[in-house]
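An overview of the molecular structure
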2 protein chains.
Amino acid sequence: MSVQERKERERAGRERLIVATARELAEQQGWDAVTTRRLAERIEYSQPVLYSHFRGKREIIGAVALEGAAEMAAALRAAASAADGPRARVTALARAYLHFAARNPAVYDALFRLDGGLAFAQEDTPGPLKDAFAALLESLEEVAGDGVHPGLFTEVFWASLHGLATLTRAGRLPPEEAELRTELLVDRLAEF
Amino acid sequence: MSVQERKERERAGRERLIVATARELAEQQGWDAVTTRRLAERIEYSQPVLYSHFRGKREIIGAVALEGAAEMAAALRAAASAADGPRARVTALARAYLHFAARNPAVYDALFRLDGGLAFAQEDTPGPLKDAFAALLESLEEVAGDGVHPGLFTEVFWASLHGLATLTRAGRLPPEEAELRTELLVDRLAEF
DNA sequence: GCTCCAAGCCTAGCACTGCTAGACATTCGA
DNA sequence: TCGAATGTCTAGCAGTGCTAGGCTTGGAGC
């Protein structure tokens, strides 16, 4: 029994190593640089080992996404709880979201831009994803406004932040006025 | 002279064929299916011919993007001019934007998600791109609100629409309430 | 009308990608 | 100690974007 347990532990450890390495590599050189060969080389195993843990590259991206979702949820909650009053809270939330996207571009891409084979907005959506959305919802429901469904409001708010995050990083929006845009968005969308 | 002119005409025609075929293929089966081999086969030339017109696949994407930008600008202006009053105009604009994104996913990706090697928000930004932004600005400046820079407001509005468009299409947002989200966004962002 | 040359095009190939079949060790249970 | 099962690796497939170099063809000059 103990032998089997040790093996399972080692397997789990290697799986974490794969995910962490993929993330690190993606964060350093972009997801395009995360090839199965390079990833295998970095973890010091051969390529087929990757496929004994994941069905393919897509699932590895999905694993990075789940890890990132948990971190993002924590970051959002930390930012929100450190602010006093609805306005400050929502502003802090928006800043934290955009900050996370800018600081962890590879993770953000795994979550919202790439195909990690994850289900969204469905019954079988993985917990961490639901929880990240819940983290947004918690701070936003109080500013959704009368007669507006909090979930729907959160979706719109989230989509707007997502648009700012992606367009800014893709060079479609000049980064200088990012703060001004954030303030304008919060001021208009939320009802305090 | 006439021979040379004919050759240039034929060359230009073939270039249009390449762009149109790439777009068609991308719209039918997604950009991943647009490989240089498949594209070459469809235009009934060999691969190297593509490289005598474009530096690479990226430039082909860029060409599709420029074509799409002009169409999008036209669609936005048509929708806006058919509406009476600021509120109806902005709503029509938002709907037209999201409709274009949904109906021309490949073109939309070429424009805003993929790397087509185009400069954005800069001096050397290609005309069609500037014009598409201008089409948004024309209808939005009247609802930007007091003391808010129209350009900045347009950027925020655009980013929000972009977020809705991409998250909806990526399955991150349920498509059912798309219309409700659009209305909420317009109601909150614009000041009538 | 004939020759020659240059432009235009294609075949073949490079280095890379994600992924997998099958051979080879290694380690465990009887 | 032996057989089997687990684990890992080598080698290879079909596909990708892109390019070097040879070949055909069509126009220009005599």
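Scoring rules and cut-offs
Once a new chain begins, its residue numbering starts again from 1 and follows that chain's sequence as written. Here every chain gets a letter starting at A, and every ligand a number starting at 1, in the order they are written. Two thresholds apply to this predicted model, a pLDDT of at least 70 for residue-level local features and 80 or more for giving and counting side-chain atom pairs, whereas whole-chain, interface and lining totals are computed over all residues. Hydrogens and water molecules were not included; the side-chain quantities draw on all heavy atoms of the structure. A molecule or strand has a residue near it when one of that residue's heavy atoms lies within 4 Å. Counting of polar contacts relies on pairs of N or O atoms within 3.5 Å, with two restrictions inside protein: one atom must be capable of donating a hydrogen and the other of accepting it, and residues adjacent in sequence are counted only when both atoms are side-chain atoms. Strands here mean DSSP runs of E at least two residues long; helices mean DSSP runs of H or I at least four residues long; both are numbered from the N terminus. Here the copies are superposed with least squares, the fitted atoms being C-alpha atoms of residues at a pLDDT of at least 70 in both. For this analysis, residues touch if any pair of their heavy atoms sits within 4.5 Å. UniProt positions are given in the numbering used here, feature names are shortened, and annotations may be inferred rather than shown by experiment. The span expected for a helix works out to 1.5 Å for each residue beyond the first. Each residue's exposure class comes from its accessible area (1.4 Å probe, protein chains only) as a fraction of the maximum for that residue type: buried when under 20%, exposed when over 50%, partly exposed otherwise. Buried residues of nine kinds, namely Ala, Val, Leu, Ile, Met, Phe, Trp, Tyr and Cys, make up a nonpolar core once their side-chain atoms join them within 4.5 Å. Buried area, as used here, totals the accessible surface that two parts lose on assembly, with accessibility defined by a 1.4 Å probe and the loss added over both. Any carboxyl oxygen of Asp or Glu that lies within 4 Å of a side-chain nitrogen of Lys or Arg is treated as forming a salt bridge with it. By the convention adopted, Pro, Cys, Tyr, Trp, Phe, Met, Ile, Leu, Val and Ala count as nonpolar, Lys, Arg, Asp and Glu as charged, and the other residues, Gly among them, as polar. Note that the domain bounds reflect an automated or database-derived domain assignment.

**Quick word on the protein's contact with DNA strand C**
What surrounds DNA strand C is a group of 18 residues, the closest being A:Thr35, A:Thr36, A:Gln47, A:Lys57 and B:Ser46. By atom count, sugar and phosphate contribute 56% of the portion of DNA strand C lying within 4 Å of the protein. Contacts to DNA strand C include A:Gln47, whose side-chain N or O atom sits 2.6 Å from a base nitrogen. When contributions to the surface near DNA strand C are tallied by element, the ones reaching two or more residues are helix 1 (2-29), helix 2 (36-43) and helix 3 (47-53) of chain A together with helix 3 (47-53) of chain B.

**Points about the relation of the copies chain A and chain B**
Note on the copies: chain A fits chain B at an RMSD of 0.0 Å, the axial shift is 0.0 Å, and the rotation between them is 180°. With respect to symmetry, the two chain copies, as superposed, fit the operation of a two-fold axis. Same-surface contact between copies: 100% of interface residues of chain A are shared with the interface of chain B.

**Side note on the protein's contact with DNA strand D**
Around DNA strand D lies a shell of 18 residues, among which A:Ser46, B:Thr35, B:Thr36, B:Gln47 and B:Lys57 are the nearest. For DNA strand D, the fraction of protein-proximal atoms (within 4 Å) that sit in sugar or phosphate groups is 52%. Separating a phosphate oxygen of DNA strand D from a side-chain N or O atom of B:Tyr51 is a distance of 2.9 Å. Counting residues per element, the ones that place at least two in the surface near DNA strand D are helix 3 of chain A together with helix 1 (2-29), helix 2 (36-42) and helix 3 of chain B.

**A word on the UniProt feature "DNA-binding region" (unreviewed entry) in chain A**
The positions UniProt marks with the feature "DNA-binding region" (unreviewed entry) are residues 35-54 of chain A. Across residues 35-54 of chain A one finds 75% helix and 0% strand; the C-alpha atoms that close the span lie 14 Å apart.

**Structural notes on helix 9 (residues 178-189) of chain B**
An ideal rise of 1.5 Å per residue puts 16 Å on 12 residues; helix 9 of chain B measures up with 16 Å between its terminal C-alpha atoms. Those residues of helix 9 of chain B lying buried are B:Arg181, B:Thr182, B:Leu184, B:Leu185, B:Val186, B:Arg188 and B:Leu189. Looking at the packing, one finds that the buried side of helix 9 of chain B touches helix 8 (150-169) and helix 9 (178-189) of chain A together with helix 5 (86-103) and helix 8 (150-169) of chain B.

**Some thoughts on the nonpolar core**
The biggest cluster of nonpolar side chains holds 123 residues, and the ones touching the most others in it are A:Tyr97, A:Phe153, A:Phe157, B:Tyr97, B:Phe153 and B:Phe157. In terms of residue count, the dominant contributor to this core is helix 4 (residues 57-81) of chain A (11 residues). If near-sequence neighbours (up to four positions away) are discounted, B:Tyr97 is found in contact with B:Met72, B:Leu76, B:Tyr108, B:Phe112, B:Leu136, B:Trp158, B:Leu161 and B:His162.

**A short note on the interface of chain A and chain B**
Every contact between the two is made by 35 residues of chain A and, on the other side, 35 residues of chain B. In this assembly, chain A packs against chain B so that about 3000 Å² is buried in total across both faces, 65% of it on carbon and sulfur atoms. In this structure, the salt-bridge partner of A:Glu191 is B:Arg188, at a minimum N-O distance of 3.5 Å. If you look at where chain A meets chain B, you find 13 residue pairs in polar contact (both at pLDDT 80 or more). For the side of chain A that touches chain B, a count of residues per class yields 22 nonpolar, 6 polar and 7 charged.

**What about the domain arrangement of chain A?**
Residue and element names in this part refer to chain A. As assigned here, chain A comprises domain 1 (1-53) and domain 2 (62-189). Computed from C-alpha atoms alone, the centre-to-centre distance between domain 1 and domain 2 is 29 Å. Domain 1 puts 6 residues into the contact, and the matching count from domain 2 is 11 residues. Summing the contributions of domain 1 and of domain 2, the shared interface buries around 760 Å²; its carbon and sulfur component is 61%.

**Considering the UniProt feature "domain: HTH tetR-type" (unreviewed entry) in chain A**
In this structure's numbering, the residues bearing the UniProt feature "domain: HTH tetR-type" (unreviewed entry) are residues 12-72 of chain A. With 80% helix and 0% strand, residues 12-72 of chain A has its two end C-alpha atoms placed 23 Å apart.

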